[in-house]
Amino acid sequence: MQSRQISIAAQGGGQFDAYVSLPPIGKGPGLLLIQEIFGVNQHIRDVADQYAMDGFVVLAPDVFWRQEPNVDLGYDEAGFKKGFGLLQGMDFAVAEQDLCAAAAALRSLPESNGRLASLGFCMGGFLSYLVASNAGAVDAAVCYYGGGIQNALDRVSRIKTPVLMHFAEQDAYIPMQAVEQIRQAFVDRPEVAIHTHANVDHGFNCWGRPMYNQRTAALARGISLQFLANRLG
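Everything numeric here is computed off the predicted structure, so don't read it as measured data.

**Q** It is not clear to me how the side chain of His 202 should be interpreted in this structure. Could you clarify?
**A** Within the secondary structure, His 202 sits in the loop between strand E8 (192-197) and helix H6 (214-232). His 202 gets classed as buried once you look at its relative accessible area, which sits at 4%. Apart from the residues lying within four places of it in its own chain, the contact partners of His 202 are Cys 122, Tyr 145, Ala 168, Asp 171, Tyr 173, Ile 174, Arg 209 and Met 211.

And the structure:
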């Protein structure tokens, strides 16, 4: 893979790092890949490379940089403890601004064709939703088990771009009641698609965690790729 680290200027001063992975032909639509609570770790870098192989110019920014730069955690007890601590200490409004800056940086990369989507997992899924509510920030958004979307439905009227959401039926963090709230909020919005996956738990896409489900991860990825191809083509 062709990959590199870049620095992005933040609003109000400061800089943060991002991992960039390029497609085999070197150019393509952009994908803003938003981390879980474990940072831009090996898994997220592998996912970036995976989508780069599908033809996307992928940028995975360091969301936690204001608390601690370049967080890279594993999926053990210590990783969960530190990740949740960073999550609790994060200013989501500021993180949203940082991600919009990252989206603008991605759109301006010479390898990018100017079209881009955001895609995030867990905390990143929620942040992908927030980024999509900023006019012109992204052209589409994918949210994998985005915890907290049901508490930010005041953003519905601000969502002008197509959005795809994946939820897990057995997710203890996001109960089906919350998913139904989200579904009802977007009931008259055909450009917003919500998929609920049966018999799987939160984190089903992450092969580094025990709840990983290969079949569902593959099916959800296929749905996501089709969505991205249609929206960014």
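**Q** Is there a simple way to think about empty space enclosed by the protein in this case?
**A** Rolling a probe over the atoms, with the probe sized like a water molecule, indicates the empty space that remains. One pass over the full model with this rule turns up 1 cavity of 30 Å³ or more. Taken as a whole, the largest cavity spans an internal volume of roughly 50 Å³. Along the walls of the largest cavity sit Phe 16, Pro 61, Asp 62, Val 63, Ala 95, Asp 98 and Leu 99, which together make up its complete lining. Among the elements that take part in the lining of the largest cavity, helix H3 (residues 92-108) stands out by supplying 3 residues, more than any other. Considered class by class, the residues forming the lining of the largest cavity number 5 nonpolar, no polar and 2 charged.

**Q** What is the right way to read the sheet that holds strand E6 (residues 140-144) from this model?
**A** Whenever strands of a sheet pair, they do so through backbone hydrogen bonds, lying parallel or antiparallel. Spatial strand order, E1-E2-E4-E3-E5-E6-E7-E8: 8 strands in an open sheet with mixed pairing. Edge positions in the open sheet fall to strand E1 (2-9) and E8, since each of these has one partner strand only. Going across the sheet, the axis of each strand differs from the next one's by a mean of 20 degrees, ignoring polarity. As paired elements, strand E5 (residues 112-121) and E6 share 5 bridges and run parallel to each other. The partner of Gly 120 across the bridge, within E6, is Cys 143. Where helix H4 (residues 123-132) meets the sheet, its contacts fall on strand E3 (28-34), E5, E6 and strand E7 (163-168), and the angle it forms with E5 comes to roughly 135 degrees.

Procedures and definitions
Residue positions are given per chain, counting from 1 as you read along its sequence in written order. The model is predicted, so local features are restricted to residues of pLDDT at least 70 and side-chain atom pairs to those at 80 or more, both for listing and for counting; the totals for chains, interfaces and linings are taken over all residues. For the side-chain quantities, the full set of heavy atoms in the structure was used; hydrogens and water were omitted. Counting from the N terminus, the helices are DSSP H or I runs at least four residues long and the strands are E runs at least two residues long. Three labels apply to residues, based on accessible area from a 1.4 Å probe with only protein chains included: buried if under 20% of the type maximum, exposed if over 50%, partly exposed otherwise in between. Two residues qualify as a contact provided that any one of their heavy atoms is within 4.5 Å of a heavy atom in the partner residue. Space inside and on the surface of the protein is sampled on a 1 Å grid over the protein atoms alone, with a cavity defined as a set of points where a 1.4 Å probe fits but cannot get out and a pocket as an open set with protein on both sides within 12 Å along at least 5 of 7 lines; lining residues have an atom within 4 Å of a point. Grid points are joined across faces, edges and corners, and a volume is the space filled by probe spheres set on the points. Gly is placed with the polar residues, together with every amino acid not listed as nonpolar (Ala, Val, Leu, Ile, Met, Phe, Trp, Tyr, Cys and Pro) or charged (Asp, Glu, Lys and Arg). Note on pairing: two strands pair once DSSP finds at least 2 bridges between them. Fitted lines through C-alpha atoms serve as axes, helices being fitted only where they are in contact, and the angles separating the N-to-C directions of these axes extend from 0 to 180 degrees.

These figures capture arrangement, not role.
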